[in-house]
There are 2 protein chains.
Amino acid sequence: MGYYSDKPRFYVAVDCIIFGVVGGRLCLLLGRRRFDPEKGKWSVMGGFVQEGESIGDAARRVLLNLTGLRDIYMEQVGAFGSVERDPGERVISIAYYALLGPGDYDPAVLQANSAEWIPLDNLPPLGFDHPLMVEKTLSLIRSRFSTEPIGFNLLPPLFTLPQLQTLYETILGQPIDKRNFRKRIAEIPSIVKTDLIDKTNSRRGASLYRFDAERFSPDSKFVIK
Amino acid sequence: MGYYSDKPRFYVAVDCIIFGVVGGRLCLLLGRRRFDPEKGKWSVMGGFVQEGESIGDAARRVLLNLTGLRDIYMEQVGAFGSVERDPGERVISIAYYALLGPGDYDPAVLQANSAEWIPLDNLPPLGFDHPLMVEKTLSLIRSRFSTEPIGFNLLPPLFTLPQLQTLYETILGQPIDKRNFRKRIAEIPSIVKTDLIDKTNSRRGASLYRFDAERFSPDSKFVIK
DNA sequence: ACAAAAGTGTTCCCGTTACACCCATGA
DNA sequence: TCATGGGTGTAACGGGAACACTTTTGT
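The notes below deal with the structure included here. Along each chain, residues carry numbers from 1 onward, in the same order as the chain's sequence is written. Here the convention is simple: chains get letters from A, ligands get numbers from 1, in the order in which they are written. Residues qualify for local features only when their pLDDT is at least 70, as the model is predicted, and side-chain atom pairs are given and counted only at 80 or more; totals for whole chains, interfaces and linings, by contrast, use all residues. Water and hydrogen atoms were dropped before computing side-chain values, which therefore reflect all heavy atoms in the structure.

1. A few points about the interface of chain A and chain B
Then comes step 1: Note on contacts: a residue pair is in contact if any heavy atoms of the two residues lie within 4.5 Å. Contact residues are listed per partner, giving 35 residues for chain A and 35 residues for chain B.
Then comes step 2: Accessible area, probed at 1.4 Å, shrinks when two parts are joined; the buried area is that loss added up over both. Buried area between chain A and chain B, both sides added, is near 3100 Å², and the carbon and sulfur share of it is 64%.
Then comes step 3: The largest contributions to the chain A side of the interface with chain B come from Tyr4, Arg9 and Tyr11 of chain A, which together make up 23% of the buried area.
Then comes step 4: Within this document, salt bridges are pairs made up of a side-chain nitrogen of Lys or Arg and a carboxyl oxygen of Asp or Glu, the two lying within 4 Å of each other. Run the count over chain A and chain B and you get zero salt bridges.
Then comes step 5: Pairing of N or O atoms within 3.5 Å defines a polar contact, subject to two protein rules: one partner must be a possible hydrogen donor and the other a possible acceptor, and residues neighboring in sequence count only if both atoms are side-chain atoms. Inspection of the chain A/chain B interface yields 17 residue pairs in polar contact (both at pLDDT 80 or more).
Then comes step 6: Every element with two or more residues in the side of chain A that touches chain B is listed here: strand S1 (10-22), strand S4 (73-80) and strand S5 (91-100) of chain A. Secondary structure counts use DSSP, requiring at least four H or I residues in a row for a helix and at least two E residues in a row for a strand, with both numbered from the N terminus.

2. Observations concerning the protein's contact with DNA strand C
Then comes step 1: Lining the immediate environment of DNA strand C, one finds 21 residues, of which Lys178, Arg182, Arg204 and Ser207 of chain A together with Arg204 of chain B sit closest.
Then comes step 2: In this structure, a base nitrogen belonging to DNA strand C sits 2.6 Å away from a side-chain N or O atom of arginine 204 of chain A.
Then comes step 3: Those elements giving two or more residues to the surface near DNA strand C turn out to be helix H5 (178-186) and strand S9 (206-211) of chain A together with helix H5 (178-186) of chain B.
Then comes step 4: As a working rule, the residues Ala, Val, Leu, Ile, Met, Phe, Trp, Tyr, Cys and Pro are called nonpolar, Asp, Glu, Lys and Arg charged, and the rest polar, with Gly in that last group. Here the residues of the surface near DNA strand C are counted per class, giving two nonpolar, five polar and 14 charged. One heavy atom within 4 Å of a molecule or strand is enough for the residue carrying it to be called near that molecule or strand.

3. Regarding the pairing of strand S5 (residues 91-99) of chain B
Residues and elements named next belong to chain B.
Then comes step 1: Within S5, nine of the nine residues are buried, which leaves the element mostly enclosed by the surrounding structure.
Then comes step 2: Buried residues are those whose accessible area, probed at 1.4 Å on protein chains only, stays under 20% of the maximum for their type, while exposed residues exceed 50% and partly exposed ones sit between those limits. The alternating pattern of S5 places Val91, Ser93, Ala95, Tyr97 and Leu99 and Ile92, Ile94, Tyr96 and Ala98 on opposite faces, both of which are buried.
Then comes step 3: A pair of strands is labelled paired if DSSP reports no fewer than 2 bridges between them. Note that strand S1 (residues 9-22) and S5 share nine bridges and pair parallel. If you follow alanine 13 over to S5, its bridge partner there is serine 93.
Then comes step 4: With seven bridges connecting them, strand S4 (residues 73-80) and S5 associate as antiparallel partners. From the neighbouring strand, tyrosine 73 faces S5, where its bridge partner is leucine 99.

4. Some details on the protein's contact with DNA strand D
Then comes step 1: Neighbouring residues of DNA strand D: 21 residues in total, closest Arg184 and Arg204 of chain A together with Lys178, Arg182 and Arg204 of chain B.
Then comes step 2: Counting only the atoms of DNA strand D that lie within 4 Å of the protein, the sugar and phosphate share comes to 40%.
Then comes step 3: Between DNA strand D and the protein, one listed contact pairs a phosphate oxygen with a side-chain N or O atom of arginine 182 of chain B at 2.8 Å.
Then comes step 4: Taking glycine 205 of chain B, its main chain carries an N or O atom lying 3.4 Å from a sugar or linking oxygen of DNA strand D.

5. What about the packing of helix H3 (residues 130-147) of chain B against helix H4 (residues 161-172) of chain B?
Residues and elements named next belong to chain B.
Then comes step 1: All axes here are fitted lines through C-alpha atoms, helices being fitted over the stretch that makes contact, and every angle between N-to-C directions spans 0 to 180 degrees. For the pair H3 and H4, interaxial distance at closest approach is 9 Å and the crossing angle is 140 degrees. The interaxial crossing formed by H3 with H4 has left-handed handedness. Across the interface between the two elements, Ile141, Arg142, Phe145 and Ser146 from H3 touch Leu167, Tyr168, Ile171 and Leu172 from H4.
Then comes step 2: Looking at side-chain class alone, the contact of H3 with H4 contains six nonpolar, one polar and one charged residues. By the definition used in this description, the sense in which the near helix is turned from the far one sets the handedness, with an anticlockwise turn below a right angle giving left-handed and a clockwise turn giving right-handed.

Worth remembering: the numbers are spatial, not functional.
Structure below.
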């Protein structure tokens, strides 16, 4: 007998709001539920926390199943615990967001999991309280993107500045002056220019940059707006 | 039979990191645990989530029991779900912080609950993962205090500017120039000067101000640093 | 030659900071 | 009168925002 045996117990789930850039557009990875409740509805990817598994590990497991990767960038958004949030049974859910780069997933595996990339500006109605989770996530990552070097997680290891700028404009929801943007980037030592050029988007080509985590110190200021 | 009957279930608790200003010092409301596990250790005030009760309601219930009040300012900090965080049995906990004004609690009731105000700069060792919760809470409220008009919840309905400034200095952890601070306050329409004077702290007396929620619009800028 | 995207500096302005003295009052 | 805390303005500085043209190259 344990200490708390007179207390009620609950199903606890993790729900992962997974971001990716597909075809230049910021997307969420959504699934159509294959079972009741809310069968057929779109929802974010989730799973139940298991015995002996921390909530963070549960979220990492969901991501591992979808990507085969263990080191996906991830942060907790918060707990959602309305009584009626799941119409089937009571479930308390912890939301996490994750950022996937283009090489971090295999389209075939996603398909096998009934998961699809849906552009953020074109989301279908979501089930449960997932719209609320997505809202809270968006306001969280807006503030994170401004002050933490995490945007690179959504891009390939080598990326161009126009790519990076477009990403920031999408996340922050406003256009950014090109020259001011590049000025700020130039002041960040951890964003280093390579001598490679990407010609997929223009005749002239754009220089490729990479994020060098080695050169990033946690208390160096990183502000992009 | 429910939908999820093959899934494990967990005890879910709420832990409230409760702030108050006592004797001019910023304090946390802590309790000595009266039962195992961790009997005798200091901890923040918590309780188990009940059937049919949302996690927010559970936190409000903990606060209601301590204060008799239902409208305490409160915000979720996040979920804590390490497997071993509670040495007794596995418990997943959702942390909330709350801000109490001087009139929001009754010392006798607190005593009946084995709760005491402990200055933040003099915290005893805390049990469980409560040090982690407190850390995360502090970084959260630092950013909140800078951008949201919530500091007033820790003060009486009428407060002086020196009081408010000291509070901000404590929360932000750095001294603030008096004239610059008052200049910023003067630009905030929702902080209104009354014609009352508080003479408890000086011969000259300090003007009393109040926060007027009516005059506060959610998108008016509120920045104090 | 031209279309299409990448790249590049300077100026102005406003908000932030730094800073020192007088005021009101009770003891 | 003096000690104590409350209250007030200005000048210098720096970071942010606005702004337009040149470069490269494939077709």
